[in-house]
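Coordinate inspection notes
If you want the building blocks of each chain, they are given just below.
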Amino acid sequence: MKLKIDNETLAEEFFEDTRLMGIVAPIKDYAFSWHVNQILGFKFRINNSLEIQLKKKERNYFFSIYEYEVPGCCLVHYLYNNQYDGEYLLPEFKHLDFLWLAKGERVEDEEMKGLQQSIRLLPPVQLVTEMTNEKIRNKQHLIF
């Protein structure tokens, strides 16, 4: 008997109680997280244990993930780098530089809109958009 992972169920469970934004900010991931931390008051830190590795065309590609746990509640923010050496974590969204995932405690619409507005004010940011899970073809790439 061969065991098979049900990627659809896995993705469904992972994305339960999440909100996802796509961000265009053509700078390095460490510089973007610095702007977020300095100006918006977050404390993102790179989490190497969450780094996503994809193998394409006989090569390995590594996509860094920054993490910030909100103190005193069950909400964690993740900042994914969508590009590495010419490849994309979500190839259907090549124009996006970063993906911001809020996971855990329910994030209300007003809170999400406020966060989007704050991110738009950062100097390197050109675009911020909320993304729906239905539009993402490669959801399994975001699961760690």
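Here, every reference points to the structure presented above.
Below: a short report on this structure. (Residues numbered from 1 in each chain as written. Predicted model: local features only at pLDDT ≥ 70, side-chain atom pairs only at ≥ 80, totals over all residues. Heavy atoms only, no water.)

A closer look at the packing of aromatic side chains
- This structure, assessed with the given rule, holds nine aromatic pairs.
- Here the aromatic rings of phenylalanine 63 and tyrosine 84 are separated by 6.4 Å at their centres, their planes lie at 70°, and the arrangement is edge-to-face. Remark: tyrosine 84 occurs in strand E7 (residues 83–84) and phenylalanine 63 occurs in strand E4 (residues 59–63); sequence separation between them is 21 residues.
- Relative accessible area serves as the criterion here: at 1%, phenylalanine 63 is assigned to the buried category.
- On the basis of relative accessibility, which here comes to 33%, the residue tyrosine 84 falls in the partly exposed class. (Phe/Tyr/Trp six-rings, centres within 6.5 Å; stacked < 30°, edge-to-face > 60°. Helix = DSSP H or I, 4+ residues; strand = E, 2+ residues; numbered from the N terminus. Buried < 20%, exposed > 50% of the residue type's maximum accessible area, 1.4 Å probe, protein only.)

Focus: helix H2 (residues 29–40)
- The terminal C-alpha atoms of H2 lie 16 Å apart, and with twelve residues this matches the ideal 16 Å at 1.5 Å per residue to within 8%.
- Regarding H2, the residues found buried are Asp29, Phe32, Ser33, His35, Val36 and Asn37.
- Following H2 by one or two positions, glycine 41 adopts a phi angle in the positive range, close to 80°. (Expected span 1.5 Å × (residues − 1).)

Digging into the environment of glycine 104
- You can see glycine 104 is positioned in strand E9 (residues 98–104).
- Placed 59 residues apart in sequence, glycine 104 and arginine 45 show a C-alpha to C-alpha distance of 18 Å.
- The contact partners of glycine 104, leaving out residues within four places of it in the chain, are Asp17, Cys74 and Leu75. (Contact = heavy atoms within 4.5 Å.)

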